[in-house]
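In case you want the letters, here they are:
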Amino acid sequence: MADIAVLDEDLEFTSAIADQVESFLVAVRAVARGEADASAVSMLLLEVSQLLLAGGRLGAIADVIPAERFEEDPGPDPDLDELRDQLAVLLDPCDVYREVFDPLAVPTEVETRRISDDIASIVAELAHGLTHFRAGRETEALWWWQFSYLSGWGPAASASLRALHSIVAGSRLQET
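One structure accompanies this document, and this report is about it. (Residues numbered from 1 in each chain as written. Predicted model: local features only at pLDDT ≥ 70, side-chain atom pairs only at ≥ 80, totals over all residues. Heavy atoms only, no water.)

## A closer look at the overall build of the protein chain
Okay, so step 1: Along the protein chain, the regular secondary structure elements total 5 helices and 2 strands.
Okay, so step 2: Shown N-terminal to C-terminal, the secondary structure of the protein chain runs as helices and strands in the order α-α-α-β-β-α-α.
Okay, so step 3: For 176 residues, the compact-globule formula gives about 16 Å, and the C-alpha radius of gyration of the protein chain, at 17 Å, lands near that figure.
Okay, so step 4: For the protein chain, the spread of C-alpha atoms along the three principal axes comes to 55 × 40 × 30 Å.
Okay, so step 5: Pairs at least 24 residues apart make up 75% of the contacts formed inside the protein chain by residues separated by at least 6 positions.
Okay, so step 6: As displayed, the protein chain has an accessible area near 10000 Å², and 55% of this comes from carbon and sulfur atoms.
Okay, so step 7: Where the 12 positive side-chain charges of the protein chain centre and where its 32 negative ones centre are 5 Å apart. (Helix = DSSP H or I, 4+ residues; strand = E, 2+ residues; numbered from the N terminus. Rg over C-alpha atoms; globule rule 2.2 N^0.38 Å. Contact = heavy atoms within 4.5 Å. Areas by Shrake-Rupley, 256 points an atom, 1.4 Å probe, with all protein chains shown as cover. Lys, Arg positive; Asp, Glu negative; His and termini not counted. Charge placed at Lys NZ, Arg CZ, Asp CG, Glu CD.)

And the structure:
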């Protein structure tokens, strides 16, 4: 049964976000399986960039507030250890990078991160919302994607995008 709190234009927006999420999940899993060969980092750069477009759209809309103030249990979270491990092997030796935790904080705090960890956590948060969407809880899915974009996968995607860009740019600029 569809969530009756979602208007037709909201459902169209939510469906578009769900499509972008699904596309990202499929592409990342394919890259992790080794299907992108030498273009794996470039493919991840492209996929994370496209995902951040969806995130920007989520950040630009008004706050999504579900009618109920509790989240229905979508079931068990996916086990992403294998995906994380596959990405870590694929990205070795450039998996680890440094990131400023909050560029507006004074003083700034630099942290060490892994692209493979960031991508796996993004996949987990997106899959969680997709489970709600597929169960017909569109408002819950949209709320989850918006909330987790602002608090989790958005910062992780932004940080990993900079790292992936640095890898691609460094590789290409050294070739010339």
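Past the structure itself, the notes keep going.
## A few points about the environment of Asp117
Okay, so step 1: Structurally, Asp117 can be placed in helix 4 (residues 115-134).
Okay, so step 2: Judged by its relative accessible area of 32%, Asp117 falls in the partly exposed class.
Okay, so step 3: Polar contacts involving the side chain of Asp117 include one to the side chain of Arg84, which spans 3.2 Å. (Buried < 20%, exposed > 50% of the residue type's maximum accessible area, 1.4 Å probe, protein only. Polar contact = N/O pair within 3.5 Å; in protein donor to acceptor, adjacent residues only side chain to side chain.)

## Quick look at unusual backbone geometry
Okay, so step 1: Between Asp92 and the following residue, Pro93, the backbone shows a cis peptide bond with an omega angle of 10 degrees.
Okay, so step 2: Within the element layout of this structure, Pro93 appears in the loop between helix 3 (81-91) and strand 1 (96-100).
Okay, so step 3: A positive phi angle, close to 45 degrees, is found at Asp37, a residue other than glycine.
Okay, so step 4: Among the structural elements, Asp37 can be located in the loop between helix 1 (8-32) and helix 2 (40-60).
Okay, so step 5: Note on Asp37: relative accessible area 62%, which makes it exposed.

## Some details on helix 3
Okay, so step 1: Among all positions of helix 3, only Leu83, Leu87 and Leu91 are buried. Projected onto a plane normal to the axis of helix 3, the buried residues spread over an arc of 55 degrees and lie on a single side. Of the exposed residues in helix 3, those oriented more than 90 degrees away from the buried face are Glu82 and Val89. (Arc of directions from axis to C-beta.)

## Some details on the nonpolar core
A general trend in soluble globular proteins is that nonpolar side chains are found buried together.
Okay, so step 1: Counting residues in hydrophobic clusters, the biggest one holds 46 residues, and the most contacted among them are Phe24, Ile122, Leu126 and Trp145.
Okay, so step 2: Elements with a minimum of two residues in this core: helix 1, helix 2, helix 3, helix 4 and helix 5 (138-175).
Okay, so step 3: No other element matches helix 5, which puts 12 residues into this core. (Core = buried A, V, L, I, M, F, W, Y, C linked by side-chain atoms within 4.5 Å.)

## A closer look at helix 4
The periodicity of an α-helix, 3.6 residues per turn, causes residues three or four places apart in sequence to face the same way.
Okay, so step 1: Compared with the 28 Å implied by 1.5 Å per residue over 20 residues, the 28 Å span of helix 4 between its first and last C-alpha is a close match.
Okay, so step 2: The element helix 4 is extensively covered by neighbouring structure, given that 14 of its 20 residues are classed as buried.
Okay, so step 3: Of the residues trailing helix 4, Gly136 is marked for its positive phi of about 85 degrees. (Expected span 1.5 Å × (residues − 1).)

## Let's talk about the environment of Glu109
Okay, so step 1: Within the secondary structure layout, Glu109 lies in the loop between strand 1 and strand 2 (110-114).
Okay, so step 2: Residue classification places Glu109 among the partly exposed residues on the basis of a relative accessible area of 48%.
Okay, so step 3: The spacing of Glu109 and Glu99 is 10 residues in sequence and 8.3 Å in space, taken between C-alpha atoms.
Okay, so step 4: Every residue in contact with Glu109, bar those within four places of it in the chain, is listed here: Glu99, Val100 and Phe101.

## Structural notes on the packing of aromatic side chains
Okay, so step 1: Scanning all chains against the criterion turns up 5 aromatic pairs.
Okay, so step 2: Both rings, one in Phe133 and one in Trp145, keep their centres 6.2 Å apart while their planes meet at 35 degrees; by these two values the pair is tilted. Here the residue Phe133 occupies a position in helix 4, and Trp145 occupies one in helix 5, the gap between them amounting to 12 residues. The same class applies to Phe133 as to Trp145, namely buried.
Okay, so step 3: Aromatic side chains Trp143 and Phe147 sit 5.2 Å apart centroid to centroid with 5 degrees between the ring planes, which places their arrangement in the stacked category. Here Trp143 pairs with Phe147, and both are found in helix 5, just 4 residues apart, close to one helical turn. (Phe/Tyr/Trp six-rings, centres within 6.5 Å; stacked < 30°, edge-to-face > 60°.)

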